[in-house]
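The primary structure of each chain is shown beneath.
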Amino acid sequence: MTVTANIDSTRPVTTLINVFTVAPEHQQELTDLLARATEETMKHQPGFVSATFHASQDGRRVINYAQWESEEHYHAVLADPEARAHMKAASALATDIQPRLFRVTSSHRKEQPTSPGHVGA
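These numbers were taken from a predicted model, which means no experiment stands behind them. Along each chain, residue indices are assigned from 1 in the same order as the chain's sequence is written. Predicted model: local features are reported for residues with pLDDT of at least 70 only, side-chain atom pairs are reported and counted for 80 or more only, and whole-chain, interface and lining totals are derived from all residues. For side-chain calculations, the full set of non-hydrogen atoms in the structure is used, while hydrogens and water are omitted.

This part takes up the sheet that holds strand β2 (residues 48–55). At least two DSSP bridges between two strands are needed for those strands to be called paired. Counting from the N terminus, the helices are DSSP H or I runs at least four residues long and the strands are E runs at least two residues long. In spatial order, the strands read β2-β3-β1-β4; together these 4 strands make up an open sheet with antiparallel pairing. Among the strands making up the open sheet, the edge pair consists of β2 and β4 (94–102). Going across the sheet, the axis of each strand differs from the next one's by a mean of 15°, ignoring polarity. Sheet strands touched by helix α1 (residues 27–40): β1 (14–22), β2 and β3 (61–68). Its angle to β2, the strand with the most contacts, is close to 170°. Across the sheet, helix α3 (residues 81–93) is in contact with β1 and β4; its angle to β4 comes to roughly 130°. To obtain an axis, a line is fitted to C-alpha atoms, over the contacting stretch when the element is a helix, and the angle between two such axes runs from 0 to 180 degrees between their N-to-C directions. We call two residues in contact when some of their heavy atoms are within 4.5 Å.

What follows is the structure, given as structure tokens:
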């Protein structure tokens, strides 16, 4: 299995890391809601780049790692009524929400070995 990451420190994007605290019995419901909100609304917003959701193994956290072309694009989605409805539903499931904006300062990957006989480009 090949594992890849698409985080690139050379792209000038705004990164949202949002940590949701949730009761374990609501973790799957929250991850489903966030994925649905992304498919239905967020990815159609101007400036959307990507979103990834992470569920903690103890069931108590969900992390949304999302990238936007700019901080202005991120703030614009906060004013969108459809996006706000999804955010309200997510906040009803969580006991705490900690959104923060970041910039990627570096990204590191393991080099992929070349197969025998493969000539690199």
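Only the six-membered ring of Trp is used, alongside the rings of Phe and Tyr, when aromatic pairs are assigned; centres must lie within 6.5 Å, and planes under 30 degrees apart are stacked while those over 60 apart are edge-to-face, with the rest tilted. Across all of its chains, the model carries 1 aromatic pair by this definition. Both rings, one in F48 and one in W68, keep their centres 5.4 Å apart while their planes meet at 80°; by these two values the pair is edge-to-face. Of this pair, F48 sits in strand β2 while W68 sits in strand β3, placing them 20 residues apart in sequence. Pair check on accessibility: F48 and W68 agree, each one buried. We call a residue buried when its accessible area falls under 20% of the maximum for its residue type, exposed when it is over 50%, and partly exposed in between, using a 1.4 Å probe and counting protein chains only.

Which parts of space are left empty comes out when a probe the size of a water molecule is rolled across the atoms. The pocket and cavity definitions rest on a 1 Å grid over protein atoms only: a 1.4 Å probe that fits but cannot leave marks a cavity, an open set with protein on both sides within 12 Å along at least five of seven lines marks a pocket, and residues lining either have an atom within 4 Å of a point. Grid points are joined across faces, edges and corners, and a volume is the space filled by probe spheres set on the points. Within this model, the largest pocket holds a volume of roughly 350 Å³. The wall of the largest pocket is formed by 22 residues, among which L16, N18, M42, N64 and M87 lie closest to the centre. Counting residues per element, the ones that place at least two in the lining of the largest pocket are β1, α1, β2, β3, α2 (71–78), α3 and β4. When residues in the lining of the largest pocket are grouped by element, the largest group, 4 residues, is from α3. Split into classes, the residues belonging to the lining of the largest pocket amount to 17 nonpolar, 5 polar and no charged. Residues were grouped as follows: Ala, Val, Leu, Ile, Met, Phe, Trp, Tyr, Cys and Pro as nonpolar; Asp, Glu, Lys and Arg as charged; and all remaining residues, including Gly, as polar.

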